[in-house]
Amino acid sequence: MQMRDQSNQYWISEVIGKYSISGDRLIVNISSSLEKSSTGKIIRNTPTNYVLFENAKFNIDNRVLTVNYTTYPVDAPVPTVAKFNQLIPID
């Protein structure tokens, strides 16, 4: 994810981890969180341990990954959907 700080400089937030699938279940365990400058230099590497999409199920349709998972705002669990389009790198 690319963002800007208060001085209008770009920086990047990135998570590192492993995923596994079983049928339509998706398990994503995050082990590290990185902050990088716009040039790619690592500013901060923070070890962490959490599940990214809790109780996740996924499907892929027409090159779109849809993840259905649970979030926990203050009052009660909420079913949540995230969609990711396929990125095609260009050299």
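Because the structure is a prediction, the values reported are computed rather than measured.

Engineer: Please clarify how the pattern of salt bridges should be interpreted in this entry.
Structural biologist: Side chains that differ in charge, positive against negative, can pair when their charged atoms come close. Per the counting criterion, the structure on display carries two salt bridges. A salt bridge links lysine 36 to glutamate 14; its shortest N-O distance comes to 3.2 Å. Of this pair, lysine 36 sits in strand β3 (residues 25-37) while glutamate 14 sits in strand β2 (residues 10-22), and the two are 22 residues apart along the sequence. The partner of glutamate 35 in a salt bridge is arginine 44, with the nearest N and O atoms 3.1 Å apart. Relative accessible area serves as the criterion here: at 25%, glutamate 35 is assigned to the partly exposed category.

Engineer: Looking at this structure, how should I read the packing of aromatic side chains?
Structural biologist: Aromatic rings considered in pairs are described by the distance between their centres and by the relative angle of their planes. Throughout the structure, instances matching the rule amount to two aromatic pairs. Ring centres 6.4 Å apart and planes at 65° place the aromatic pair phenylalanine 53 and phenylalanine 84 in the edge-to-face group. Of this pair, phenylalanine 53 sits in the loop between β4 (42-51) and β5 (54-61) while phenylalanine 84 sits in strand β7 (residues 78-85), placing them 31 residues apart in sequence. Chaining the aromatic ring pairs together yields one cluster made of Phe53, Tyr69 and Phe84.

What counts and what doesn't
One numbering rule holds for all chains: residues counted from 1, following each sequence as written. Since the coordinates come from a predicted model, pLDDT governs what is reported: local features require at least 70, and pairs of side-chain atoms require 80 or more to be given and counted, while whole-chain, interface and lining totals use all residues. Calculation of side-chain values draws on the structure's entire complement of heavy atoms; hydrogens and water are dropped beforehand. Put simply, a salt bridge is a Lys or Arg side-chain nitrogen that is within 4 Å of an Asp or Glu carboxyl oxygen. Numbering of helices and strands runs from the N terminus, with a helix taken as a DSSP run of H or I at least four residues long and a strand as a DSSP run of E at least two residues long. Note on exposure labels: buried denotes an accessible area under 20% of the residue type's maximum, exposed denotes more than 50%, and partly exposed covers the range between, all computed with a 1.4 Å probe on protein chains only. Here is the rule: rings of Phe, Tyr and Trp (six-membered ring for Trp) pair when centre to centre is within 6.5 Å. Planes less than 30 degrees apart are stacked, more than 60 are edge-to-face, and the remainder are tilted.

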